[in-house]
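Residues per chain, in single letters:
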Amino acid sequence: MQLKQRLNQLGIRPNQARSTALFQLATEIPAAILARTLGISVNSAVRWQQISAGDWASYAADVSNRSRPQRVDPTDQR
């Protein structure tokens, strides 16, 4: 008997557990690292991130577009 069938008989759903783990990882690490670590394509890793809303490209773009706070010169007497 195959392992998957035995696990299913015990009430363990390996596909569901795999998807849950991928979903969680995709929210936590960049796609390139996810792909390399798991041996999946970068496109698949990007897709997992988009599904999980852990889109690191959007995050990086948001961070780079943030305005820096203006520094106040304490010696300026305006």
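Cut-off values and rules
Residues numbered from 1 in each chain as written. Predicted model: local features only at pLDDT ≥ 70, side-chain atom pairs only at ≥ 80, totals over all residues. Heavy atoms only, no water. Helix = DSSP H or I, 4+ residues; strand = E, 2+ residues; numbered from the N terminus. Buried < 20%, exposed > 50% of the residue type's maximum accessible area, 1.4 Å probe, protein only. Contact = heavy atoms within 4.5 Å. Areas by Shrake-Rupley, 256 points an atom, 1.4 Å probe, with all protein chains shown as cover. Core = buried A, V, L, I, M, F, W, Y, C linked by side-chain atoms within 4.5 Å. Arc of directions from axis to C-beta. Axes fitted to C-alpha atoms, helices over the stretch in contact; angles between N-to-C directions. Parallel < 35°, antiparallel > 145°, perpendicular 65-115°, else oblique. Left-handed = near helix turned anticlockwise from the far one by under 90°. Nonpolar A, V, L, I, M, F, W, Y, C, P; charged D, E, K, R; others polar. Polar contact = N/O pair within 3.5 Å; in protein donor to acceptor, adjacent residues only side chain to side chain.

**Student:** Can you explain the overall build of the protein chain? Please cite residues and give values.
**Tutor:** For the protein chain, the helix and strand inventory stands at five helices and zero strands. Each helix and strand of the protein chain, ordered N terminal to C terminal, gives the series α-α-α-α-α. Looking at the protein chain as a whole, 12% of its 78 residues are labelled buried. Looking at the protein chain alone, contacts between residues at least 24 apart form 38% of all its contacts between residues at least 6 apart. Carbon together with sulfur atoms contributes 52% to the accessible area of the protein chain, which is approximately 6800 Å² in total.

**Student:** Now, about the nonpolar core: what can you tell me, with residues and values included?
**Tutor:** In terms of nonpolar packing, the biggest core is built from five residues, these being A26, A31, L34, A35 and A45. The leading source of residues in this core is helix α3 (residues 31-38), at three residues.

**Student:** With reference to specific residues and values, describe helix α4 (residues 42-52).
**Tutor:** Looking at α4, one finds that the buried residues are A45, Q49 and S52. Here the buried residues of α4 occupy an arc of 70° about the axis, which is enough to place them on one side. Immediately beyond the C-terminal end of α4, within one or two residues, lies A53, with a positive phi of roughly 65°.

**Student:** Quick one: what's the story with α3, residue by residue and with numbers?
**Tutor:** Among the residues of α3, A31, L34 and A35 are the ones counted as buried. Axial view of α3: buried residues confined to an arc of 95°, hence all on one face. Exposed and facing more than 90 degrees away from the buried side of α3 are A32, R36 and T37. The secondary structure elements touched by the buried residues of α3 are α2 (14-28) and α4.

**Student:** Hey, could you go over the packing of α3 against α4 for me, with residue numbers and the actual values?
**Tutor:** Packing of α3 against α4 leaves a shortest axis separation of 8 Å and a crossing angle of 125°. Of the possible angle classes, the one that applies to α3 and α4 is oblique. Judged by the sense of rotation from one axis to the other, the crossing of α3 with α4 is right-handed. Note on element contacts: α4 touches α3 through V42, A45, V46 and Q49, opposite A31, L34 and A35. Tallied by class, residues from the contact of α3 with α4 come to six nonpolar, one polar and no charged.

**Student:** Explain the side chain of S52 residue by residue, including any values.
**Tutor:** Relative to the elements of secondary structure, S52 occurs in helix α4. Take S52: its relative accessible area is 10%, and that puts it in the buried class. A polar side-chain atom of S52 sits 3.2 Å from the main-chain carbonyl oxygen of Q49. In this structure, S52 is in contact with F23, A26 and T27, ignoring residues within four places of it in sequence.

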